[in-house]
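Secondary and tertiary structure notes
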Amino acid sequence: MENILEIKDLSKSYKGFKLDNISFNLKKGYIMGLIGPNGAGKSTTIKLIMNLIKKASGSINVFGLDNIKHEKEIKQRIGFVYDESYFYEELNLIEMKNIIASFYKRWDNDIFNKYMKEFNLPVKKKIKQLSKGMKMKYSLAIALSHNAEFIIMDEPTSGLDPVFRREMLDILYSVIQDENKAILFSTHITTDLEKIADYITFLNLGNIVFSDTKDNILENYSIVKGDNSLLTEEIENKFIGVQKNSFGFEGLTDCTEDIEKKFENKVLIEKASLEDIMVYTVRGNR
């Protein structure tokens, strides 16, 4: 089995929103970033994978198993990190761990204790006394302590300072050195994904814009800057999105070679970041 996650023609409808026949796969040994604006369908997709809500149509296989028929078996092998703490706030870290550990057949206290020390977490403190960064580290320690093969993270670095975020990314990078594991990482902070992700799946308005390797995506998109007088209707159609002001225009394109041939040295062409790609696509005119 090469793919840890296989999603095919997955749909889910709410009033005013539809996740519309999306398909993508995640292989063992890789990190996939799931990006998109608020309301794009990221959290809905994760909830569907975890079978927390019912799909309208399509299929989800995790470890080659149907995620509904084999839900209990699959969840034994998944580590899930939410964007917020769902622990009992009045319990300390050990008391909370003891409750959670009882649900997992492969729980390993040695691994848990290792992460407690590595993350410098105060085991006798109550959950409510922890900072957001400490709660997130605790969530990750819990997720990693039952030998999970698939880590799903929903906005794990949101609201964390840069030091905590870098530490979290280092942990994820060390986890993925085990090539039998995979990580699905939903986030608005695209710079984090540029550091560690292998694949990017971009959702917008319930549809997949692309699902490809990060390197291919960053190679295929460019930011072009130039004088407004260069923009004709034909040229503007080669841009996914364009911003104009009194100083000139700036636009995102996936037709870089065409732009280079047309303008030679009349425009400035730069590599686009994931944030550029997301912002211009969401605002775009194409």
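Conventions and cut-offs
- Counting restarts for each chain, with residues numbered from 1 along the sequence as it is written.
- Local features in a predicted model are, by the rule used here, given only for residues with pLDDT of at least 70; side-chain atom pairs are given and counted only at 80 or more, and totals for whole chains, interfaces and linings are based on all residues.
- Each side-chain value is worked out from all heavy atoms of the structure, with water and hydrogens disregarded.
- Numbered from the N terminus, helices here are DSSP runs of H or I no shorter than four residues, and strands are runs of E no shorter than two.
- Residue contacts follow a heavy-atom distance rule, with two residues in contact if any of their heavy atoms lie within 4.5 Å.
- Surface exposure here means Shrake-Rupley accessible area, sampled with a 1.4 Å probe, where a residue is shielded only by the protein chains that are shown.
- Positive charges come from Lys and Arg alone, negative charges from Asp and Glu alone, with His and the N- and C-terminal ends not counted.
- Every charge is mapped onto a representative atom, which is NZ of Lys, CZ of Arg, CG of Asp or CD of Glu.
- A simple rule labels every residue: compare its accessible area, found with a 1.4 Å probe on the protein chains alone, to the largest value its type can have, and call it buried under 20%, exposed over 50%, or partly exposed in between.
- Helix span, expected: 1.5 Å multiplied by one less than the number of residues in the helix.
- What the arc covers is the set of directions going from the helix axis to the C-beta atoms.
- What makes a salt bridge here is a side-chain nitrogen of Lys or Arg within 4 Å of a carboxyl oxygen of Asp or Glu, nothing more.
- One requirement defines pairing of two strands: DSSP has to find at least two bridges between them.

You'll find the chain entered in an unreviewed UniProt entry as ABC-2 type transport system ATP-binding protein, with Clostridium algifaecis given as the organism.

Observations regarding the overall build of the chain
Helix and strand counts for the chain come out as 11 helices and 14 strands. Across its three principal axes, the chain shows a C-alpha extent of roughly 65 × 40 × 35 Å. In the chain, 69% of the contacts between residues at least 6 apart in sequence involve partners at least 24 apart. When the accessible surface of the chain is summed, it comes to about 14,500 Å², and 46% of that surface belongs to carbon and sulfur atoms. One way to put it: in the chain the 40 positive side-chain charges average out to a point 7 Å from where the 42 negative ones average out.

Considering unusual backbone geometry
The backbone phi angle of phenylalanine 63 is positive, close to 60°, even though this residue is not glycine. In this structure, phenylalanine 63 sits in the loop between β4 (57-62) and β5 (65-66). Residue leucine 205 is not a glycine yet carries a positive backbone phi of 55°. Summarising the element assignment, leucine 205 is placed in the loop between β9 (199-204) and β10 (207-213). Judged by relative accessible area, which is 64%, leucine 205 ranks as exposed.

Topic: helix α6 (residues 162-175)
Between the first and last C-alpha of α6 there are 20 Å, a value that for 14 residues agrees with the 20 Å anticipated at 1.5 Å per step. Along α6, the positions that sit buried rather than exposed are Arg165, Met168, Leu169, Ile171, Leu172 and Val175. Angular distribution of buried residues about the axis of α6 spans 155°; they occupy a single face of the element. Seen from the buried face of α6, the exposed residues on the opposite side, beyond 90 degrees, are Pro162, Val163 and Tyr173. Residues of α6 that are buried make contact with β3 (31-35), α4 (109-118), α5 (132-144), β7 (150-154), β8 (182-186) and α7 (190-196).

Quick look at the pattern of salt bridges
Considering all chains together, one arrives at 15 salt bridges under this definition. We note a salt bridge from lysine 135 to glutamate 89, for which the minimum N-O separation is 3.5 Å. One end of the pair, lysine 135, is in helix α5; the other, glutamate 89, is in the loop between β6 (78-81) and α3 (93-101), with 46 residues separating them in the sequence. Overall, the relative accessible area of 29% leaves glutamate 89 in the partly exposed class. When the shortest N-O distance is used, the salt bridge between aspartate 192 and arginine 165 registers 3.0 Å. On the criterion of sequence distance, the pair formed by aspartate 192 in helix α7 and arginine 165 in helix α6 is long-range, its members being 27 residues apart. With respect to class, aspartate 192 is no different from arginine 165; both count as buried. Linked through salt bridges whose partners overlap, the residues forming this network are Arg77, Arg106 and Glu149.

Let's talk about the sheet that holds strand β1 (residues 3-14)
The strand order β2-β1-β4-β5 describes an open sheet built from 4 strands, whose pairing is antiparallel. The strands lining the two open edges of the sheet, one partner per strand, are β2 (17-27) and β5. Pairing analysis gives 8 bridges linking β1 to β2, with the strands arranged antiparallel. Bridge pairing links leucine 10 to isoleucine 22 in β2.

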